[in-house]
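Reading the structure
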Amino acid sequence: MPLVDHLVVSKNFADKFTEESKQEKAALNLLKNGFKSVVITLGADGAVCATDNGFFHQEAFVVDVVDTTGAGDVFHGAFIYGLGRGWDMQKVVRFSCATAALKCRYIGGRTGIPSLDDVVRFLV
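Every value quoted in this text rests on a predicted model; they were computed, and no experiment measured them. (Residues numbered from 1 in each chain as written. Predicted model: local features only at pLDDT ≥ 70, side-chain atom pairs only at ≥ 80, totals over all residues. Heavy atoms only, no water.)

**A closer look at the pattern of salt bridges**
All told, the structure shown has 2 salt bridges when counted by the stated rule. Measuring nitrogen to oxygen at the nearest pair gives 2.5 Å for the salt bridge that ties K11 to D15. Pair noted here: K11 and D15 are both in helix α1 (residues 11-18), with a separation of 4 residues, about one helical turn. What makes K11 partly exposed here is its relative accessible area of 34%. (Salt bridge = Lys/Arg side-chain N within 4 Å of Asp/Glu carboxyl O. Helix = DSSP H or I, 4+ residues; strand = E, 2+ residues; numbered from the N terminus. Buried < 20%, exposed > 50% of the residue type's maximum accessible area, 1.4 Å probe, protein only.)

Printed below as a string of structure tokens:
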């Protein structure tokens, strides 16, 4: 963890690692380890993010879920893309949640990975 700038973890990991059941407390607790940001993914409940600038919750996007396989990987890829573009954390997490939601509409880990255009159209 000392080499991580932006930590993205599941609710299960955050709960066990911090022994906190509330995501805000867990995220803020993890942030104390020197990360620039901490994101806890919550599946159908979206994600939460803590930074030195505060805490926010991003609601999940409503789609017809067929299979969640690969959603976490897609979230991580979208997250890295947003960071690379220099977006603020709210835009990064919103984009990541949307990308993961769109992937969940199809069966399989690779099937249904949305294109950048797909995500941009979805968010408009």
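**With respect to unusual backbone geometry**
Here E19, not a glycine, exhibits a phi torsion of approximately 60°, which is positive. Along the chain, E19 turns up in the loop between α1 and α2 (23-31). Relative accessible area serves as the criterion here: at 73%, E19 is assigned to the exposed category.

**Concerning the packing of aromatic side chains**
A complete count under the given rule lists 6 aromatic pairs for this structure. For the ring pair F13 and F17, a centre distance of 5.4 Å and an interplane angle of 10° mean the geometry is stacked. Placement of both F13 and F17 in helix α1 is noted, with a separation of 4 residues, approximately one turn of the helix. Accessibility expressed as a relative area gives 34% for F13, which makes it partly exposed. We classify F17 as partly exposed; its relative accessible area is 45%. Note that K91 overlies the ring of W87, its terminal NZ or CZ placed 4.4 Å from the centroid. (Phe/Tyr/Trp six-rings, centres within 6.5 Å; stacked < 30°, edge-to-face > 60°. Lys NZ or Arg CZ within 6 Å of the ring centre and 35° of its normal.)

**As for the packing of helix α3 (residues 71-84) against helix α4 (residues 89-103)**
Taken N-terminus to C-terminus, the directions of α3 and α4 make an angle of 150°; their axes are 8 Å apart at the nearest point. As for the relative orientation of α3 and α4, their crossing is right-handed in sense. Side by side, α3 and α4 meet where A71, V74, F75, A78, F79, Y81, G82 and L83 of the first sit next to M89, V92, V93, F95, S96, C97, T99, A100 and K103 of the second. Split into classes, the residues belonging to the contact of α3 with α4 amount to 13 nonpolar, 3 polar and 1 charged. (Axes fitted to C-alpha atoms, helices over the stretch in contact; angles between N-to-C directions. Left-handed = near helix turned anticlockwise from the far one by under 90°. Contact = heavy atoms within 4.5 Å. Nonpolar A, V, L, I, M, F, W, Y, C, P; charged D, E, K, R; others polar.)

**With respect to the layout of surface pockets**
Approximately 400 Å³ is the volume attributed to the largest pocket. Mapped by element, the contributors of at least two residues to the lining of the largest pocket are β1 (6-10), α3 and α4. At 4 residues, the largest contribution of residues to the lining of the largest pocket is made by α3. Tallied by class, residues from the lining of the largest pocket come to 15 nonpolar, 7 polar and no charged. (1 Å grid on protein atoms, 1.4 Å probe; cavity = no way out; pocket = protein on both sides within 12 Å on 5 of 7 lines; lining within 4 Å. Points joined across faces, edges and corners; volume = space filled by probe spheres on them.)

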